[in-house]
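# Overview (structure and organization)
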Amino acid sequence: MNQVVLALEDVTKRFGTVLAADRITLEVGPEFFALLGPSGSGKTTMLRIVAGLEVPDSGRVLIGGQDVTRLPPYRRRLGMVFQDFLLFPHKTVAENILFPLRMQGANAEAKATNLRWVMDLVRLSGLEERYPHQLSGGQKQRVALARGLVSRPTLLLLDEPLANLDRELRKEMEVEVRRFQIELGIPFLYVTHNQEEALIMSDRMAVMRSGRLEQVGRKLDLYHHPQTPFVASFLGETNALRGRVIGIADGLAELDCSGSPARGKAHSGLIKGSAATLFIKSEKVELVAPGTQGAVPGLLRDAIFKGAYMNFLVDVDGQGELVVSAPPHGDFPSHGAPTALRWASESADVFPAE
């Protein structure tokens, strides 16, 4: 990353006994960066610290190389888009969008120029005089995005902005929001608990848990090469098999999983004889004939049609239900029939049990 626009240096924040941010250090360039994590992981706290709505107990926030840790929000040159559109119902589209420029004291020419630019960008030209109640959900979201962008901010912060949209509209807006970032070339810091959104839109991402950054990097690296058990289990549809380590060689670990051998990439901390967990994505598992060497036996419980693929639910003795995702064609065992699961060892990850 050649240019750092946002830097967090050793940022810590407590709310009573809760450690919401635990010595967070992070750099974001002119990219689409997603901050992903479950509820309570600290991601919204981090966004509020960047925005200036919360002050960290320690550490620094730098935007464009300037220390803004103690600056109020209006002096940070940021745009913000919230989960709830927060549009003024008594103001027109144009008035809602221009609100940040009015608060900054921009002159009439600047407001007119920026309004034309941002209305074209979000494809709302011609709707300037409408009121929020006259807009669809997607149009309201575009107005909220336009309001965040109209002042041409150094950085745009987005706090779960698509959470209140229906599925089809959300899919459309995922493409649109990414397009805005690509066209503008400024950083978007996007907070979400929805891994699908993060994987679709981001260039890089960070996974948060209990106030800490579990892993930071390019989204495909996090998806295919998790460095912690939490990231392995959190991203994608992941199967977890529990067992004991019976061997470690050539970077691979072999587990005894309820009497069946299972192999995957060995991560640090594994000891022969110790408890461990193997994580494998559902799309990296295949159904094979019972008795296939090196495969884990099971019984097919159900097959769920998902359009482009099917989810096969397989009961594995001592492990519960595992999921296999595969194209909806070919000969598959009937419900209740014995089957077996197989995967490439390099596609799985083995971590010490937590």
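Okay, so let's go over this structure. (Residues numbered from 1 in each chain as written. Predicted model: local features only at pLDDT ≥ 70, side-chain atom pairs only at ≥ 80, totals over all residues. Heavy atoms only, no water.)

## A few points about the pattern of salt bridges
Across all of its chains, the model carries 21 salt bridges by this definition. The salt bridge involving Asp-10 is made with Arg-23; its shortest N-O contact spans 3.1 Å. Taken together, the positions of Asp-10 in strand 1 (residues 6-15) and Arg-23 in strand 2 (residues 18-28) put the pair 13 residues apart, joining distant regions of the chain. Among the ionic contacts, a cluster of salt bridges with common partners joins Arg-123, Arg-142, Glu-172, Glu-176, Arg-179 and Glu-183. (Salt bridge = Lys/Arg side-chain N within 4 Å of Asp/Glu carboxyl O. Helix = DSSP H or I, 4+ residues; strand = E, 2+ residues; numbered from the N terminus.)

## What about the packing of aromatic side chains?
Taken as a whole and assessed by the stated rule, the structure comprises five aromatic pairs. Summarising the aromatic geometry, the rings of Phe-32 and Tyr-190 are spaced 5.6 Å apart at their centres and angled 40 degrees between planes, so their arrangement reads as tilted. With a gap of 158 residues between them, Phe-32 in strand 3 (residues 32-36) and Tyr-190 in strand 8 (residues 188-192) connect regions that are remote in the sequence. Look at Tyr-190 and you get buried, because its relative accessible area is 0%. Through a chain of ring-to-ring contacts, three or more aromatic side chains come together here, namely Phe-32, Phe-188 and Tyr-190. A cation over an aromatic ring shows up here: Lys-91 above the ring of Phe-88, its NZ or CZ 5.8 Å from the ring centre. In this structure, Lys-281 packs its charged tip against the face of Tyr-223, placed 4.9 Å from the ring centre. (Phe/Tyr/Trp six-rings, centres within 6.5 Å; stacked < 30°, edge-to-face > 60°. Buried < 20%, exposed > 50% of the residue type's maximum accessible area, 1.4 Å probe, protein only. Lys NZ or Arg CZ within 6 Å of the ring centre and 35° of its normal.)

## Focus on the pairing of strand 1
In the sheet, strand 1 pairs with strand 4 (residues 58-63) via five bridges, with the strands oriented antiparallel. Residue pairing in the sheet places Thr-12 in a bridge with Ser-58 of strand 4. Sheet topology places strand 1 next to strand 2; seven bridges connect them, and they run antiparallel. Its bridge partner lying in strand 2, Phe-15 is registered against Val-18. Between strand 1 and strand 2, which follow one another and run antiparallel, lie two residues, and Gly-16 among them has a positive phi close to 65 degrees. (Pairing = 2+ DSSP bridges.)

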